[in-house]
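# Reading the structure
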Amino acid sequence: MNLEIEKKKIFKKGAEASLYYGKWFNKDVIFKYRISKKYRLDIIDKKIRNSRTLNEARALIKIKNYGINVPCVYEIDPEESIITMDYIPGEKLKDLISILDIQKLEDYFKKVGIFIGILHQNGHIHGDITTSNILITPNKEVFLIDFGLHDYSDNIEDKSVDIHLLKRVLISSHGDYYKICFKAFLEGYRDCYNESSIEECESIILNVDVIETRGRYIKKEERL
Ligand SMILES: Nc1ncnc2c1ncn2[C@@H]1O[C@H](COP(=O)(O)OP(=O)(O)O)[C@@H](O)[C@H]1O
Ligand SMILES: [Mg+2]
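All values reported here derive from a predicted model rather than from experimental measurement. (Residues numbered from 1 in each chain as written. Chains lettered and ligands numbered in written order. Predicted model: local features only at pLDDT ≥ 70, side-chain atom pairs only at ≥ 80, totals over all residues. Heavy atoms only, no water.)

Right, let's get into the overall build of the protein. Per the secondary structure count, the protein includes 7 helices and 10 strands. Against the globule reference of 17 Å for 224 residues, the protein gives a C-alpha radius of gyration of 18 Å, in line with a compact fold. When its C-alpha atoms are laid out on the principal axes, the protein stretches across 50 × 45 × 35 Å. Buried residues in the protein amount to 44% of all 224 residues. Carbon together with sulfur atoms contributes 52% to the accessible area of the protein, which is approximately 12500 Å² in total. (Helix = DSSP H or I, 4+ residues; strand = E, 2+ residues; numbered from the N terminus. Rg over C-alpha atoms; globule rule 2.2 N^0.38 Å. Buried < 20%, exposed > 50% of the residue type's maximum accessible area, 1.4 Å probe, protein only. Areas by Shrake-Rupley, 256 points an atom, 1.4 Å probe, with all protein chains shown as cover.)

Here you go:
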């Protein structure tokens, strides 16, 4: 591991990365360091970490141009699998859902819907839209993070799968608030599409239910 990073205090441990808080030219930053997975062959492990680091950094840089709130990237070290990016103060949306008032909850999810709509219309798939990958700042801004699984696609199916993950997370982790949150998300998502693209938008949303049914069908099959 990079020596500079080793000296810093661990800030968060995610599924595939350790996050360290620090300063970069006087700016508050996060060093996202992708950790090696012992179950992978060394050479493959290095390749995966290297490519996900580059993939995430490139996505963050591109997506910032659409006016979507994502952390600004300052440095990329693919060799060491480290991205230096803006530290976003605040909380994960996951930890706020049950304590927010309904109006605020709707506002946040509508904003998330708008951001994802803009991403999809520009051929970007987030790849991991969960309530842990959405941050809310003290001045009530919504930030999207964690683009390690980001991909490019203009495919309806890929966009539906992206939304389907959020739907599953809402149902399984925030069941009581699922309806309010998902409705507000779809409202924001639809708002991004204009007359000429609204048909595609509706196909994407309809296909989320098709994926859901397919899932159930498979589960039922597995039980037999
Ligand atoms: N730029 C950031 N500013 C503040 N906190 C962050 C930032 N990036 C990540 N985090 C925190 O670290 C956690 C894990 O980071 P994430 O990028 O989601 O890694 P993983 O790929 O391991 O899930 C996030 O859920 C969030 O709480
Ligand atoms: Mg994450």
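Moving on, there is more to tell.
Close to ligand 1 lie 20 residues; A15, K32, D86, I88 and D146 are nearest. Note that an oxygen atom of ligand 1 is positioned 3.4 Å from one of the side-chain N or O atoms of K12. The backbone of S132 places a nitrogen or oxygen atom 3.0 Å from an oxygen atom of ligand 1. Burial of ligand 1 by the protein amounts to 93% of the accessible area it has alone, namely 540 Å². Its residues assigned to classes, the shell around ligand 1 shows 11 nonpolar, 3 polar and 6 charged. (Near = heavy atom within 4 Å. Polar contact = N/O pair within 3.5 Å; in protein donor to acceptor, adjacent residues only side chain to side chain. Nonpolar A, V, L, I, M, F, W, Y, C, P; charged D, E, K, R; others polar.)

On to the side chain of S81, then. When you line up the elements, S81 lands in the loop between β4 (73-77) and β5 (82-86). Among all residues touching S81, those that are not within four sequence positions of it are K32, Y33, R34, R49, N50 and T53. (Contact = heavy atoms within 4.5 Å.)

With that out of the way, let us pick up the environment of F185. With respect to the helices, strands and loops of the structure, F185 is situated in helix α6 (residues 178-191). F185 gets classed as buried once you look at its relative accessible area, which sits at 0%. Remark: the alpha-carbon pair of F185 and K111, spanning 74 residues in sequence, is separated by 7.3 Å. Those residues in contact with F185 that sit more than four places away from it in its chain are F109, K110, V112, G113, I116, I163 and L166.

Another point: the coordination of the magnesium ion (ligand 2). Put simply, a metal with four donors set out as a tetrahedron has ideal angles of 109.5 degrees, and one with six donors set out as an octahedron has ideal angles of 90 or 180 degrees. Binding of the magnesium ion (ligand 2) to the protein goes through N133 (OD1) and D146 (OD), at separations of 2.1 to 2.3 Å. Of the two residues, N133 is situated in the loop between β7 (124-125) and β8 (134-136) and D146 in the loop between β9 (142-144) and β10 (151-152); the sequence distance between them amounts to 13 residues. (Donors = N, O, S within 2.8 Å, 3.2 Å for Na, K, Ca; no water.)

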